[in-house]
Amino acid sequence: MQYRTGRARRAVVIAVLGTAVLGAAPPAFAGPPATGPSVAGSPAQPGAGQRSLGLEGARNARDIGGYPTADGSVVRSGLVFRTDALERLTPRDLARLESSNVTVVDDLRTTYERALAPDRLPAGAAGNWYDVLGQSPIATLVDMPAAYRAFVTGPGANEAFSAVLHDIAASDGAVIYHCSAGKDRTGWATAVLLTILGVPRDTVTADYLLSNTYRGADPEHPGLDGVDEAWLDIAFDTAVATYGSFDAYVSEGLKLSEGDITELKSRLLD
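Residues numbered from 1 in each chain as written. Predicted model: local features only at pLDDT ≥ 70, side-chain atom pairs only at ≥ 80, totals over all residues. Heavy atoms only, no water.

We now examine helix α10 (residues 258-268). Since the α-helix advances by 3.6 residues per turn, residues separated by three or four positions end up pointing in the same direction. Among the residues making up α10, those that are buried are I261, L264, R267 and L268. Along the axis of α10, the buried positions cluster into a sector of 135°, meaning they face one direction only. Summarising the geometry of α10, the exposed residues directed more than 90 degrees from the buried face are E258 and T262. Here the buried face of α10 lies against β2 (80-83), α5 (157-170), β5 (174-178), α6 (185-197) and α9 (246-253). (Buried < 20%, exposed > 50% of the residue type's maximum accessible area, 1.4 Å probe, protein only. Helix = DSSP H or I, 4+ residues; strand = E, 2+ residues; numbered from the N terminus. Arc of directions from axis to C-beta. Contact = heavy atoms within 4.5 Å.)

In total, this model carries 9 aromatic pairs according to the counting rule given. Geometrically, the ring pair formed by Y148 and F151 is tilted, given 4.8 Å between the ring centres and 55° between the ring planes. Taken as a pair, Y148 and F151 lie in helix α4 (residues 144-153) at a separation of 3 residues, close to a single helical turn. Judged by relative accessible area, F151 falls into the buried class, the value being 0%. Centre to centre, the rings of F151 and F161 are 6.0 Å apart; their planes meet at 75°, and the pair counts as edge-to-face. Here the residue F151 occupies a position in helix α4, and F161 occupies one in helix α5, the gap between them amounting to 10 residues. Taken together, the aromatic side chains of Y148, F151, F161, Y208 and W231 make up a single cluster linked through ring pairs. When the ring centre of Y67 is taken as reference, the NZ or CZ atom of R51 above it lies at 4.0 Å. Over the aromatic face of F236 sits the side chain of R201, whose NZ or CZ is 3.8 Å from the ring centroid. (Phe/Tyr/Trp six-rings, centres within 6.5 Å; stacked < 30°, edge-to-face > 60°. Lys NZ or Arg CZ within 6 Å of the ring centre and 35° of its normal.)

Moving on: the confidence of the model for the protein chain. For the protein chain, the average pLDDT comes to 85, and 81% of its residues sit at 70 or higher. Low pLDDT, under 50, characterises residues 1-21; the predicted model gives this stretch 33 contacts beyond four residues in sequence or across chains. Considering only residues more than four positions removed or in separate chains, one finds that residues 25-49, a stretch of pLDDT under 50, has 61 contacts. (pLDDT = per-residue confidence, 0-100.)

This part covers the environment of K255. The residue K255 is located in the loop between α9 and α10 in this model. Since its relative accessible area comes to 58%, K255 is described here as exposed. Here the alpha-carbon distance between K255 and E159, two residues 96 residues apart in the chain, equals 8.5 Å. When residues no more than four places from it in sequence are discounted, the contact partners of K255 are H166, V250 and D260. Only 3.0 Å separates the side chain of K255 from the backbone oxygen of E252, close enough to count as a polar contact. (Polar contact = N/O pair within 3.5 Å; in protein donor to acceptor, adjacent residues only side chain to side chain.)

Spelled out as structure tokens, the structure:
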């Protein structure tokens, strides 16, 4: 068989390496026992109580609500869900998301990941595609530090993450955002959102590291299936190095206005 060249070869490489380095979707739910998302007022530290949505086809699907902010507010539950890819959702999963009033699903994957594993959306939900890494050099897909730097400096990345945040601020229902494994692109989107809301950095990091628990990765050697705190630090450090501060990254890089931030806090904080 003639070997593929040019654009076709790039498509194959990105499809294979992209799902490998950024995590392929798991075959079935195998995370901690699922009793639904934590609720505001319940134990707020990561790992206390159950955060899983209990989806059979997306084991790293969880609610970002319940976390306390530095000023004493609490992030509301039932409004923002971070997940891995949705192509394996069962009818039960879809019914659960529909009953949770999911109205927006934002997909952060590349063209090739989407082609390999198209989303299954709950009834009534609008799907959006915001490709974070598709315009970055292909080497980014096999180098995790490079990927996390590209979350801030890569072409199209700021626009993708900004779009998710604007969707959350504007939605009248619950919003899902996801990548393939729900740990890297999704992890940075969550870290940014929680930081904007005023959640302390140690709690933000702990939420990020929960992907190791839900995906069954070794926290000491996460490899391609888990996450490493050092990777998250790279993204935060890159934001500060590039823009001068995290706040400047939000305003200048992500183009969020004071009104946008006020809307996010008004909608998501108790």
